[in-house]
Amino acid sequence: MFPSTMLASIIGGNGGPVKTRLAIERTPAITLDPPGSSAKVDASMQPYDWGVRALAQFELEVNGEVHRLDVPGEMPVLWALRDVLGLIGTKFGCGIALCGACTVHLDGVAARACVLSVAAAAGKAITTIEGLADGTELHPLQQAWIDLDVAQCGYCQSGQIMAAAALLAEQPAPTDADIDAAMAGNYCRCGTYNRIRAAIHSAARQMAGDEASAGLFYDATAEVRA
Ligand code: FES
Ligand code: FES
């Protein structure tokens, strides 16, 4: 049976006991530009103590639904998603745009929710892992992730899938090199990179209508033999 924690990393939902409030207090001021991310770091963002920040009302469109939030404008979208809206499928990893665990789509483009402010995202369409499926119909990437048993601990996988979905939207038939370049900014401490690549190819084939060769298994020895 597929473990529920693994499934949570692929479709969203209750994915883990990360205590983001503590992480906020330890996060340093941000000065880096994120590699492999379309999101630009807001250097003025000082993610400390939201309690003394002035609140404002922002409209965030998340997974097709508009939410009115009373939050500081500089609050990262990652916090708004997890702590305010309860969408915890998107994960906190580094908090400085380096690991990809927090990848969402902003107007269809992969973006790092940990360095994207609510003020910057207001008026744009955000899609999270919870909104990737079409109702009860999984996105082909989510199905491929399950079919090929991609996830190990699962922590990075919602970000990996969102990055892969943005890639396939732009390049429906990516090469290995395309995949490696697009996914280079998404780290997996369990080292599932080969299965991620195989699952992206499988989903691409399925999306192109080639169901027969969509690939229901991953041969871990293929690259060694090649
Ligand atoms: S948590 Fe956002 S890139 Fe690591
Ligand atoms: S599956 Fe564990 S970090 Fe990627």
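From a predicted model like this one, the values you see are computed outputs, not experimental measurements. (Residues numbered from 1 in each chain as written. Chains lettered and ligands numbered in written order. Predicted model: local features only at pLDDT ≥ 70, side-chain atom pairs only at ≥ 80, totals over all residues.)

Draft legend 1. Focus on the environment of arginine 195. By the element assignment, arginine 195 lies in helix α8 (residues 193-207). Spatially, the C-alpha atom of arginine 195 lies 5.4 Å from that of valine 150, the residues being 45 residues apart in sequence. (Helix = DSSP H or I, 4+ residues; strand = E, 2+ residues; numbered from the N terminus.)

Draft legend 2. Spotlight on the nonpolar core. In terms of nonpolar packing, the biggest core is built from 58 residues, with Val77, Ala113, Trp145, Ile161 and Ala199 touching the most fellow members. Per-domain counts for this core show at least three residues from each of domain 1 (4-131) and domain 2 (140-225). Those residues in contact with alanine 199, other than ones at most four positions away along the chain, are Leu141, Ala144, Trp145, Leu148 and Val150. (Core = buried A, V, L, I, M, F, W, Y, C linked by C-beta atoms within 7 Å. Buried ≥ 20, exposed ≤ 12 C-beta atoms within 10 Å, placed from the backbone. Domains from an automatic or database assignment. Contact = placed C-beta atoms within 7 Å.)

Draft legend 3. Structural view of the environment of aspartate 176. Inspection of the secondary structure puts aspartate 176 in helix α7 (residues 176-182). Overall, the presence of 11 C-beta atoms within 10 Å leaves aspartate 176 in the exposed class. Between the C-alpha atoms of aspartate 176 and alanine 198, which are 22 residues apart in sequence, the distance is 9.1 Å.

Draft legend 4. Representation of the sheet that holds strand β2 (residues 65-71) in the model. Spatial ordering of the open sheet is given by β2-β1-β5-β3-β4, a layout of 5 strands whose pairing is mixed. At either end of the open sheet lies a strand with only one pairing partner, and these are β2 and β4 (109-112). If you compare each strand with its neighbour and ignore which way they point, the axes differ by 40° on average. With 4 bridges joining them, strand β3 (residues 103-106) and β4 adopt antiparallel strand pairing. Residue pairing in the sheet places histidine 105 in a bridge with alanine 110 of β4. Across the sheet, helix α3 (residues 77-84) lies against β1 (56-62), β2 and β5 (125-127), angled at about 100° from β2, the strand it touches most. (Pairing = 2+ DSSP bridges. Axes fitted to C-alpha atoms, helices over the stretch in contact; angles between N-to-C directions.)

Draft legend 5. Region of interest: unusual backbone geometry. Phi at alanine 97 takes a positive value of approximately 65°, unusual for a residue other than glycine. Despite not being glycine, aspartate 149 has its phi angle at roughly 50°, a positive value. Note on placement: aspartate 149 falls in the loop between α5 (140-147) and α6 (157-170). Note on aspartate 149: 14 C-beta atoms within 10 Å, which makes it partly exposed.

Draft legend 6. Fine view of α6. Here α6 contains 14 residues, and its C-alpha end-to-end distance of 20 Å stays within 8% of the 20 Å for a straight helix at 1.5 Å per residue. Across the 14 residues that make up α6, a large majority, 11, are buried. (Expected span 1.5 Å × (residues − 1).)

Draft legend 7. Highlighting the packing of α5 against α8. Between α5 and α8, whose axes approach to 8 Å, the crossing angle comes to 130°. On the basis of the axis angle, α5 is oblique to α8. Judged by the sense of rotation from one axis to the other, the crossing of α5 with α8 is right-handed. Contacts between α5 and α8 involve Pro140, Leu141, Ala144, Trp145 and Asp147 on the former and, on the latter, Ala199, Ser202, Ala203, Gln206 and Met207. Across the contact of α5 with α8, the residue classes tally to 7 nonpolar, 2 polar and 1 charged. (Parallel < 35°, antiparallel > 145°, perpendicular 65-115°, else oblique. Left-handed = near helix turned anticlockwise from the far one by under 90°. Nonpolar A, V, L, I, M, F, W, Y, C, P; charged D, E, K, R; others polar.)

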